[in-house]
Amino acid sequence: MSHGTGIRPGVPYRRPGGTVDRLVLESEPTERLPIDERSVNDWRERVHPDDRDRLCDALSDEEVDIAYRVRTEESNTWITERGVQASDDETIVGYLFPAGERVERRRRLERQRERLEEFVGVVSHDLRNPLSIAVGNLELARDLEGEQATERLDRVHEALERMDTLIADMLALAREGRIVEETAEADVERIVRQAWSTTGTGAPARLVIEDPLPRVPCDDRRLRRVFENLFRNAIEHGVDVDDPIEHVATPETLDRDSSTVDGPDELQASGGSMDVVRVVVGPTADGFYIDDDGPGIPPDRREQILEPGHSTRPDGTGFGLAIVERIVTAHGWEIEVTESRFGGARFEVTDVETVTDAE
């Protein structure tokens, strides 16, 4: 790699073995680079989640030339990495330097274009089927009379309602994918209870809160949407009850049998044999989790479940969990889908900057 002026463009570095995690600086970092030590062993974790896959792909090329964001406590800093494979063990050597505003603007436009292409693809795929149903039944209704015509028109109405739901969810997906630029410190427990009040009330479900939930810098409206969608997902997939019951939104001991509900007299009168899904929200070292005791998500579907259009319910749009992933990523956090302690689904949000009380 040649730089004709003979002036170093930035800080020289090497990646032993070409790995994304290992980064060694050959000289002291500059103030404009978000690096405070010469040797880094967790570089991938410092890269913004939206840019990690791009960086991994770039490092597999013979020549590396990529701009990406590195997260700091205050903000995200764009840097440019340029290097080449310099040895048989695939070690990469090159330079790191701050990326200019033009690079940052270009990458922002590229992400918007990628989102738009995804949006267009989903629209063309998911709206085509209910539209075809509506058109077909409308044409048949023209040749029918009475109840037969009414039945066809009812199917048209159902298809149009389905399209309306899809459009609303797709617009929400597009809006919630925006990067969070302004945050304020918020109490996660307060947001959890607000979300439960709009999704858990009247449902066959019980909320359990493990103390203490943290306070975090966030967009509290969008974080509430995260909990609402996850609660709704747990309730819809966790139980199949025709007659909903009142939930008990009070902390419970986690070892209590989830089919037993302590609370109002009307719940006790049912004999304690109700099918109730338990939803648990609790803290982690760097964030929080949402557990349920439903059927869970098979390991081979846990990554796909966060992508737009994936749903296990015939009447689902497949956007609820995709919206969750977009909001989490927009905050600069990460989300992982695993198995809960009860064998159900666990959604763990990590890389969250929590706020602790001053001693």
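Residues numbered from 1 in each chain as written. Predicted model: local features only at pLDDT ≥ 70, side-chain atom pairs only at ≥ 80, totals over all residues. Heavy atoms only, no water.

A closer look at the overall build of the chain
- Secondary structure assignment for the chain yields 9 helices and 13 strands.
- In the chain, which comprises 359 residues, the share counted as buried stands at 42%.
- In the chain, 63% of the contacts between residues at least 6 apart in sequence involve partners at least 24 apart.
- As presented, the chain carries roughly 19500 Å² of accessible surface, and 45% of it is formed by carbon and sulfur atoms. (Helix = DSSP H or I, 4+ residues; strand = E, 2+ residues; numbered from the N terminus. Buried < 20%, exposed > 50% of the residue type's maximum accessible area, 1.4 Å probe, protein only. Contact = heavy atoms within 4.5 Å. Areas by Shrake-Rupley, 256 points an atom, 1.4 Å probe, with all protein chains shown as cover.)

Overview of unusual backbone geometry
- Here the bond from Asp-211 into Pro-212 is cis, since omega is -10 degrees, no more than 30 degrees from zero.
- Considering the arrangement of structural elements, one finds Pro-212 in the loop between β8 (205–209) and β9 (215–218).

Some details on the sheet that holds strand β6 (residues 92–98)
- Pairing is antiparallel in the open sheet, where 6 strands are placed in the order β3-β2-β1-β6-β5-β4. Either end of the sheet is taken by a strand with one partner, and the two such strands are β3 (39–40) and β4 (63–71).
- When strand β1 (residues 11–15) meets β6, the two strands line up antiparallel, connected through 5 bridges. Bridging across to β6, Pro-12 finds its partner in Tyr-95.
- Along the sheet face, helix α2 (residues 52–59) touches β1, β4, β5 (76–85) and β6 and points at about 155 degrees away from the line of β4. (Pairing = 2+ DSSP bridges. Axes fitted to C-alpha atoms, helices over the stretch in contact; angles between N-to-C directions.)

Quick look at helix α7 (residues 220–238)
- Taking 1.5 Å of rise per residue, 19 residues should cover 27 Å, and α7 covers 26 Å from first to last C-alpha, within 8% of that figure.
- Listed in full, the buried residues belonging to α7 are Arg-222, Leu-223, Val-226, Phe-227, Glu-228, Asn-229, Leu-230, Phe-231, Asn-233, Ala-234 and Ile-235.
- Two or three places before Arg-221, at the start of α7, stands the capping residue Asp-219, its side-chain oxygen 3.2 Å from that residue's backbone nitrogen. (Expected span 1.5 Å × (residues − 1). Polar contact = N/O pair within 3.5 Å; in protein donor to acceptor, adjacent residues only side chain to side chain.)

Thoughts on a negative patch on the surface
- Taken together, the side chains of Asp-53, Asp-57, Asp-61, Glu-62 and Glu-63 define an acidic patch exposed on the protein surface.
- Positionally, Glu-63 belongs in strand β4.
- By relative accessible area, Glu-63 is classed as exposed at 63%. (Patch = residues over 30% accessible without salt bridge, like charges linked within 9 Å, V, L, I, M, F, W, Y side chains within 5 Å. Salt bridge = Lys/Arg side-chain N within 4 Å of Asp/Glu carboxyl O. Lys, Arg positive; Asp, Glu negative; His and termini not counted. Charge placed at Lys NZ, Arg CZ, Asp CG, Glu CD.)

Comments concerning the confidence of the model for the chain
- Scored by pLDDT, the chain comes out at a mean of 77, with 72% of its residues at no less than 70.
- For the stretch residues 1–7, pLDDT sits under 50, and the model shows 8 contacts to residues farther than four places along the chain or on other chains.
- Predicted confidence is poor over residues 241–274, with pLDDT under 50, and the contacts of this stretch with residues over four places away or in other chains come to 64 contacts. (pLDDT = per-residue confidence, 0-100.)

Some details on the packing of aromatic side chains
- All chains considered together, the criterion is met by 4 aromatic pairs.
- Where Phe-227 meets Phe-231, the ring centres are 5.9 Å apart and the plane angle is 35 degrees; that geometry is what we call tilted. Linking Phe-227 with Phe-231, this pair stays in helix α7, spanning 4 residues, or about one helical turn. No difference in accessibility class separates Phe-227 from Phe-231, as the two residues are buried.
- Ring pairs connect the aromatic residues Trp-196, Phe-227, Phe-231, Phe-288 and Trp-333, which therefore count as one cluster.
- Its guanidinium or amino end placed over the ring of Phe-342, Arg-278 lies 4.3 Å from that ring's centre, counting from NZ or CZ.
- Here the guanidinium or amino end of Arg-346 rests over the ring plane of Tyr-289, the centre of that ring lying 4.1 Å away. (Phe/Tyr/Trp six-rings, centres within 6.5 Å; stacked < 30°, edge-to-face > 60°. Lys NZ or Arg CZ within 6 Å of the ring centre and 35° of its normal.)

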